[in-house]
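Geometric and topological summary
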Amino acid sequence: MATARAARMFNQLTREKANQIVSSRHYRTTDLGCWEGNSKPDDRGYVHVKLSVGGEARTARVHQVALVADNRRHEVEATLGQSNYDISHLCHNPKCFNPEHLIVESSSNNQRRKICNGQKILVHSGFSYHPCPHGRVEKLRKCILPLHHLEDNAPNANGGEQQSAPASIYPDPDDPPALDVTAGKYDIITPTKAQELLERYRGDTTELGCWLSKLKGDNRKGPIVVLKELPGRPSLKQIVLIATNRRDELKKALGRSSFYTIAALCHNNQCINPEHIIVESKSNKFKRKACIGKKAVVREGDTDHPCPHGRVEKMRTCVLPVVYAVATTKERDESTAQTPDPGLDNEDAT
């Protein structure tokens, strides 16, 4: 019965009346863009307003009225009663009634947003890292978080003076991203910083051309860099992609980690040679296991490379060790018989 009365109340509430209520309650706008009033919120932080619609006096939350004023009445009605949908505040501010900060989504997705409460967008050297994992999964919107500018006195990647960070960063609801939000988690690492880390942790070079790392790593990601000034725990292979201006490839590996991965053509997980590091599908990386332990055989100037990749699905050829073999007498005779003397014509040869 209460649900029916609430639905009837919002159905009879006109858009013009809702606009008047929102305008009268809008007292200030925060730095994050939240609309707040001067009324005392309830225990959960929500602000209420008394409505008299169709001769009935009832209480509604201001952010519900704001959705009606924004011509989104049907979204409010979808959350009434025992519905599995809630009105979520992207800004994590229950007092806010800015329609741009309000969305209707499933209750489970609304609960997942709690992990972003208190987080900040890191801005450094013109790049930003948005820690919110939403907006990339199940077509969710990203949370709206405050900015935190990291200090940096070093020159930018182009050698000039440090550029100022953008004034504000907000998610664009009309531009659904194709990559997971983790794709940009290392945007604050500049190519210059990545090159410094690469030189710092580069060790010996093997006969195969592998650059061995001075750091230890796990069997999956390889050497891991752990520094206070870096976000998370990037692998040296990820640092290699940034240092060689292949950030797009890194974002593809991070944002679509269920499909793409970082592979080493030399099959050496400790290698950080940029020429050996590529980004490819996980299925293609799995196919490369067939080349582990194989060697390229060089005989009489000809090379027999056993790797079948590089000619299939636009893959790169594996980097394999080279073995020099001596041709047998039979092979030399066959080669001589098949190749006539260039100094004789056909008549002289007979």
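Here, the structure is the one placed above.
Below is a summary of the structure that appears in this document. (Residues numbered from 1 in each chain as written. Predicted model: local features only at pLDDT ≥ 70, side-chain atom pairs only at ≥ 80, totals over all residues. Heavy atoms only, no water.)

Moving on, we come to unusual backbone geometry. The phi torsion at N71 lies on the positive side, around 60 degrees, for a residue other than glycine. Considering the arrangement of structural elements, one finds N71 in the loop between α3 (62-69) and α4 (73-77). The exposure class assigned to N71 is exposed, which follows from its relative accessible area of 53%. One non-glycine residue, N245, lies in the positive phi region at around 55 degrees. Within the element layout of this structure, N245 appears in the loop between α7 (236-243) and α8 (247-255). (Helix = DSSP H or I, 4+ residues; strand = E, 2+ residues; numbered from the N terminus. Buried < 20%, exposed > 50% of the residue type's maximum accessible area, 1.4 Å probe, protein only.)

Strand pairing in a sheet takes place through backbone hydrogen bonds and is either antiparallel or parallel in direction. Ordered in space as β8-β7-β9, the 3 strands form an open sheet in which the pairing is mixed. The outermost strands of the open sheet, each flanked by one partner alone, are β8 (127-129) and β9 (147-149). On average, each strand axis in the sheet is inclined to that of its neighbour by 25 degrees, with strand direction left out of account. Pairing between strand β7 (residues 121-124) and β9: 3 bridges, direction parallel. (Pairing = 2+ DSSP bridges. Axes fitted to C-alpha atoms, helices over the stretch in contact; angles between N-to-C directions.)

The next subject is the packing of α7 against α8. The N-to-C vectors of α7 and α8 enclose an angle of 145 degrees; their axes lie 7 Å apart at closest approach. Between α7 and α8, the residues in contact are Q238, L241 and I242 and R247, E249, L250 and L254, respectively. (Contact = heavy atoms within 4.5 Å.)

Glancing now at the packing of aromatic side chains. A complete count under the given rule lists 1 aromatic pair for this structure. Between W35 and F97, the ring centres sit 6.3 Å apart and the planes meet at 80 degrees, which makes this aromatic pair edge-to-face. Of the two residues, W35 sits in strand β2 (residues 35-36) while F97 sits in the loop between β5 (85-89) and β6 (102-106), which places them 62 residues apart along the sequence. According to the relative accessible area criterion, F97 is buried, its value standing at 1%. The side chain of R61 reaches across the aromatic face of Y46, ending 4.2 Å from its centre. Sitting over the face of the ring of Y260, K252 holds its NZ or CZ atom 4.6 Å from the ring centroid. (Phe/Tyr/Trp six-rings, centres within 6.5 Å; stacked < 30°, edge-to-face > 60°. Lys NZ or Arg CZ within 6 Å of the ring centre and 35° of its normal.)

Looking now at the pattern of salt bridges. Oppositely charged side chains can pair when the atoms bearing their charge come close. By the definition in use, this model includes 6 salt bridges. The residue D70 makes a salt bridge to R72 at a minimum N-O spacing of 3.3 Å. Two residues, R288 and E280, come together in a salt bridge whose shortest N-O distance is 2.8 Å. Accessibility expressed as a relative area gives 2% for R288, which makes it buried. For E280, a relative accessible area of 7% gives the class buried. Three or more residues are tied together by salt bridges with common partners; here these are D70, R72 and E75. (Salt bridge = Lys/Arg side-chain N within 4 Å of Asp/Glu carboxyl O.)

The next thing to look at is the pairing of strand β14 (residues 260-264). If a strand is regular, its side chains alternate between the two faces of the sheet. Where burial is concerned, most of β14 is hidden: 5 out of the 5 residues are buried. Every second residue of β14 is oriented toward a common face, with Y260, I262 and A264 on one face and T261 and A263 on the other, all of them buried. One ladder, built from 5 bridges, connects β14 with strand β15 (residues 277-281); its direction is antiparallel. Paired with A263 across the strands is I278, a residue of β15.

Bringing the side chain of R247 into the picture now. Locating R247 in the fold gives a position in helix α8. Apart from residues lying up to four places away in sequence, R247 is in contact with F127, Y186, D187, I189, T190, P191, L241 and I242.

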